[in-house]
Amino acid sequence: MAYIYILPIETGSTYWMEPLEKSIQRAFGYPIKKISRDISLEKAFDIKRSQYNSSQILLQIIHDPPKDAAKVLGIVNTDLFIPILTFVFGEAQLKGPGSLVSLHRLNNKFYGLPENGALLTERLIKESIHELGHNFGLVHCHDPKCVMRSSTYVEDIDSKSHDLCQRCRNTFIHEKRKA
Amino acid sequence: MKPSDIAILIVDDEASIRNALTQWFEMDGYRVSSAEDANSALMKLQNGPWDIVMLDIKMPGIDGLELQRRIKKIDKDIITIIMTAFASVDTSIQGLKEGAFDYIVKPVDPDDMSHLIRNAVEQRRLYYENLKLKQHIEGFSLSDEINGESPAMKKVIEKIAEVSQTESTVIIKGENGTGKELIARAIHSNSNRRYFPMVTLNCGTYSEGLLESELFGHEKGAFPGALYRRQGRLEMADKGTLFLDEIGQIGEKMQKDLLRLIETRCFTRLGGDREIDVNFRIICATTHDLESAVQAGTFRKDLYYRLNVVTINVPPLRERKLDIPAIARAFIKRFAQAMNKNVIDITNDTLDHLLAYDWPGNVRELRNVIERAMVIAKGNLIELTDLSFFFPSAQTPADDSILSLEEVEKNHIQKVLELTHGNIVQAAGILKVSRLTLYNKIKKYKLKTFKGDMEA
Ligand SMILES: [Zn+2]
Ligand SMILES: [Zn+2]
């Protein structure tokens, strides 16, 4: 039996955990397990940019995963970047073992708006499924409602659904069978 | 165009940038590769088609600007995007001047990045579309003979483009030497059948019995002299195109067989009983007026309708004199290369003579004249004196009497016979008519053949 592991890293409150688990399980059909591990965010901090190097954190997450892990999803609440871009919502490698998503820019607070827990949860679900989708071999999709559509603004995230479109679903099933 | 049709090369000495960009583009489904410096980038550029190169401006060794110059030398249409670590606008502007599509300042906003790439891909898509269109049009001007700006020839070229995309049977009508076979070839090589052969059969050169065995093949012992089984042209044309030249010359039996073949798409070899299926498209050509042959009852009406789905009328050269200068120059270029001679053009008064002449032998005759003149020419230009074999009275062209078409044909055939010293095979080759046709003309005009008899 293989599981998708969820690994919250210094996120504080985890009121979004239960809906997140359910949605991921529904999307990919794997049961969920939670773990906690020692991940050093400090190591990934870039003083010049005052941001956290996403790839560095992801490396720690996928290091030595549990034997029964299909994928590992790390969740942080810090501002993430990769060197070429000003920021990222999250990161995953195509067909890789793990993903990373940050709550930081999904939170209304970042845009100076009143906090909205339900909206934050919804965005977190979409971005988590999106990044895990990459892990399962899916590339960006042009279907406007598909969760695999690429989002560069938080508004883009809000305008798509948290479901895979039929084509992406078929690709996922195909990839899963191959694996 | 799918994202996977687009190949992106990332050139940066920083591994983290290479990896991040590779990952980013892979997520969008593009084909991505990276190089850590200009030299390995140039190596990769030699080995394959690339659409977009993202290059760091500051690299050890050859820098980004210089790399861009070298890339543009290899392929000026590759899209280059300059990456710079700080807002060094000057160098980036210089890069734009030298042909960069755009530049980005690292780190870049994800949304800007995705717009930039979308625009670059769109530009590339348009480029491919243009290229395809160009190749599509150029595909029909495969040879200079059937090229031309005259309205008459433009119509022919349009028709070729149109029928190439269909499976229709085509009749190409035109005088000898107008390039009917070249047109058939242009249709074939622009059709879906282009990867299979176009097999030509000149119906005018065979007796009926021989024609049948040429087309259908025969089994061993099918007739006296059939010592081996032999495949016919039809089988060789499987999945391709069968070009039947001089279709007007086939006899009654052959007309019946051909009709059956077109209707059933299968045939038997002579002396055999096995039905063979074959996948072919027929293009035929005729110098004869088939309609009057149908009216006279010498050509089957039902076969005519089967064949005459699309008609292409090739104008004789005299009806598209507008094209003569360009065709003549194209031949000069072709022969100059073949003969390794430095002839580059033709004088105006020579051109005037070419334009005044009516060219009963059409483009083929023009080609032969230019070829001979090229042999004679001493300077860079073909002069009127180089054509004295053809325009002997060129010094006093004023009183050229207007000849009838028949007289011109007669004179011309006589000239070619003199040229070939009466060699019928050669003369027929130059005139691109069957030996049979040539014999008939010789008989008709009572021409001298330089030999005691007419057996070739
Ligand atoms: Zn993505
Ligand atoms: Zn999709």
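As the structure is a prediction and not an experimental result, all values here were calculated from the model.

Attention now moves to the packing of aromatic side chains. The geometry of two aromatic rings is summed up by the distance between their centres and the angle between their planes. Evaluated as defined, the whole model comprises 19 aromatic pairs over all chains. The interplanar angle of 80° and the centroid separation of 5.2 Å between the aromatic rings of Phe136(A) and Phe172(A) together place this pair among those described as edge-to-face. Remark: Phe172(A) occurs in helix 5 (residues 166-178) and Phe136(A) occurs in the loop between helix 3 (117-135) and helix 4 (154-159); sequence separation between them is 36 residues. Phe172(A) carries the same exposure label as Phe136(A), and that label is buried. Residues Tyr357(B) and Phe391(B) carry aromatic rings whose centres are separated by 6.0 Å and whose planes lie at 80° to one another, so their mutual orientation is edge-to-face. Placement of Tyr357(B) in the loop between helix 14 (348-356) and helix 15 (362-376) and of Phe391(B) in the loop between strand 16 (381-382) and helix 16 (405-419) is noted, with a sequence separation of 34 residues between them. Both residues of the pair, Tyr357(B) and Phe391(B), count as buried. These aromatic residues form a ring-pair network of at least three members: Tyr357(B), Trp359(B), Phe389(B), Phe390(B) and Phe391(B). The ring of Phe136(A) has Lys71(A) lying over it, and the distance from NZ or CZ to the ring centre is 5.2 Å.

Quick look at the coordination of the zinc ion (ligand 1) now. Within the protein, the zinc ion (ligand 1) binds to His130(A) (NE2), His134(A) (NE2) and His140(A) (NE2); these donor distances fall in the range 2.0 to 2.1 Å. Motif for the zinc ion (ligand 1), donor spacing along one chain: H-x3-H-x5-H.

Attention shifts here to the sheet that holds strand 2 (residues 31-35) of chain B. All names here are of chain B. The five strands are arranged 2-1-3-4-5 in an open sheet whose pairing can be described as parallel. Each edge of the sheet is formed by a strand with only one pairing partner; in this case those strands are strand 2 and strand 5 (102-105). The sheet shows a mean angle of 20° between the axes of neighbouring strands, direction not considered.

Moving on: the interface of chain B and chain A. Each side of the interface is counted separately: chain B has 20 residues, and chain A has 16 residues. Summing both partners gives a buried area of about 1600 Å² for chain B against chain A, and 67% of it is carried by carbon and sulfur. At the surface where chain B touches chain A, the tally comes to zero salt bridges. At the boundary of chain B with chain A, the tally comes to eight residue pairs in polar contact (both at pLDDT 80 or more). The set of elements that each furnish at least two residues to the side of chain B that touches chain A consists of helix 1 (15-27) and helix 5 (110-138) of chain B. Of the residues forming the side of chain B that touches chain A, the biggest block, eight residues, is contributed by helix 1 of chain B. Residue composition of the side of chain B that touches chain A, by class: 11 nonpolar, four polar and five charged.

Glancing now at the confidence of the model for chain B. Detailed reading of the predicted coordinates is not advisable wherever pLDDT is low. Residues and elements named next belong to chain B. Scored by pLDDT, chain B has a mean of 85; 93% of the residues are at 70 or more. At the low end of the mean pLDDT range in chain B sits helix 5, at 78; at the high end sits strand 1 (residues 7-11), at 96. A low-confidence stretch, residues 451-456 (pLDDT under 50), is modelled with eight contacts involving residues beyond four sequence positions or located in other chains. Overall fold confidence (pTM) sits at 0.53, and the ipTM for the predicted complex is 0.86.

Residues and elements named next belong to chain A. A sheet is described by the order of its strands in space; here three strands give the open sequence 3-4-6, paired in mixed fashion. Here the strands that pair on one side only, and so sit at the sheet edges, are strand 3 (45-46) and strand 6 (80-81). As paired elements, strand 4 (residues 51-53) and strand 6 share two bridges and run parallel to each other. Considered in strand 6, the bridge of Asn53 is made with Phe81.

Another aspect to go through is helix 7 (residues 180-189) of chain B. Of the residues making up helix 7 of chain B, those classed as buried are Lys180(B), Ile183(B), Ala184(B), Ala186(B), Ile187(B) and His188(B). The secondary structure elements touched by the buried residues of helix 7 of chain B are helix 6 (151-164), strand 6 (170-173), strand 7 (198-202), strand 10 (241-245), strand 13 (281-286) and strand 14 (310-313) of chain B.

All names here are of chain B. Burial analysis of strand 13 places six of its six residues in the buried class, which makes it a mostly covered element. Note that strand 6 and strand 13 share four bridges and pair parallel. Paired with Ile172 across the bridge in strand 13 is Ala285. Note that strand 10 and strand 13 share four bridges and pair parallel. Paired with Leu244 across the two strands is Cys284, which belongs to strand 13.

Turning to the environment of Asp245(B), a few remarks are in order. Residue and element names in this part refer to chain B. The residue Asp245 is located in strand 10 in this model. With a relative accessible area of 9%, Asp245 lands in the buried category. Each C-alpha atom, one on Asp245 and one on Thr200, is 7.2 Å from the other, the two residues being 45 residues apart in sequence.

For the structure on display, the rule yields 37 salt bridges over all chains. Across the pair Lys95(A) and Glu175(A) runs a salt bridge, and its minimum N-O distance is 3.7 Å. Of this pair, Lys95(A) sits in the loop between strand 7 (90-92) and strand 8 (98-102) while Glu175(A) sits in helix 5, placing them 80 residues apart in sequence. What makes Glu175(A) buried here is its relative accessible area of 16%. Among the ionic pairs, Arg329(B) bridges to Asp345(B), the shortest N-O distance being 2.8 Å. Taken together, the residues span a long stretch of sequence, with Arg329(B) in helix 13 (residues 324-339) and Asp345(B) in strand 15 (residues 345-346) at a distance of 16 residues. Owing to a relative accessible area of 35%, Arg329(B) belongs among the partly exposed residues under this scheme. The exposure class of Asp345(B) is partly exposed, given its relative accessible area of 23%.

This part is about unusual backbone geometry. Of note, the bond from Lys106(B) into Pro107(B) is cis; its omega dihedral lies within 30 degrees of zero at -5°. Relative to the elements of secondary structure, Pro107(B) occurs in the loop between strand 5 and helix 5. Even without glycine at this site, Glu10(A) takes up a positive phi of about 50°. The residue Glu10(A) is located in the loop between strand 1 (3-8) and helix 1 (17-28) in this model.

Calculation criteria
- In this numbering scheme, every chain counts its residues from 1 along its sequence in written order.
- Lettering of chains starts at A and numbering of ligands starts at 1, both following the order in which they are written.
- Local features in this predicted model are restricted to residues whose pLDDT is 70 or higher, and side-chain atom pairs enter the listing and the counts only when it is 80 or higher, whereas totals over whole chains, interfaces and linings include all residues.
- Water and hydrogen atoms were dropped before computing side-chain values, which therefore reflect all heavy atoms in the structure.
- Working definition: rings of Phe, Tyr and Trp (its six-membered ring) pair if their centres are within 6.5 Å, and the pair is stacked with planes under 30 degrees apart, edge-to-face with planes over 60 apart, and tilted otherwise.
- In this text, helices come from DSSP runs of H or I with a minimum length of four residues, and strands from runs of E with a minimum of two, each type numbered from the N-terminal end.
- Exposure categories follow from relative accessible area, calculated using a 1.4 Å probe and restricted to protein chains: below 20% of the type maximum is buried, above 50% is exposed, and the middle band is partly exposed.
- Sitting over a ring, as applied to charges here, requires NZ of Lys or CZ of Arg to be within 6 Å of the ring centre and within 35 degrees of the ring normal.
- Because no water is among the atoms considered, metal sites can look incomplete, with donors defined as N, O and S atoms within 2.8 Å of the metal, or 3.2 Å for Na, K and Ca.
- At least two bridges found by DSSP between two strands are what make those strands a pair.
- Axes, fitted as lines to C-alpha atoms, cover a helix only where it is in contact. Angles between the N-to-C directions of the axes lie from 0 to 180 degrees.
- Two residues form a contact once any of their heavy atoms are found within 4.5 Å.
- The term buried area means the drop in 1.4 Å probe accessible area that two parts suffer when joined, counted for both and summed.
- Salt bridges are defined by distance alone: a side-chain nitrogen of Lys or Arg within 4 Å of a carboxyl oxygen of Asp or Glu.
- Polar contact is defined as a pair of N or O atoms within 3.5 Å, subject to the rule that within protein one atom must be able to donate a hydrogen and the other to accept it, and that residues adjacent in sequence are counted only when both atoms are side-chain atoms.
- Only Asp, Glu, Lys and Arg are considered charged in this grouping, and only Ala, Val, Leu, Ile, Met, Phe, Trp, Tyr, Cys and Pro are considered nonpolar; every other residue, Gly among them, is considered polar.
- A residue's pLDDT is the predictor's confidence in that residue, given on a scale from 0 to 100.

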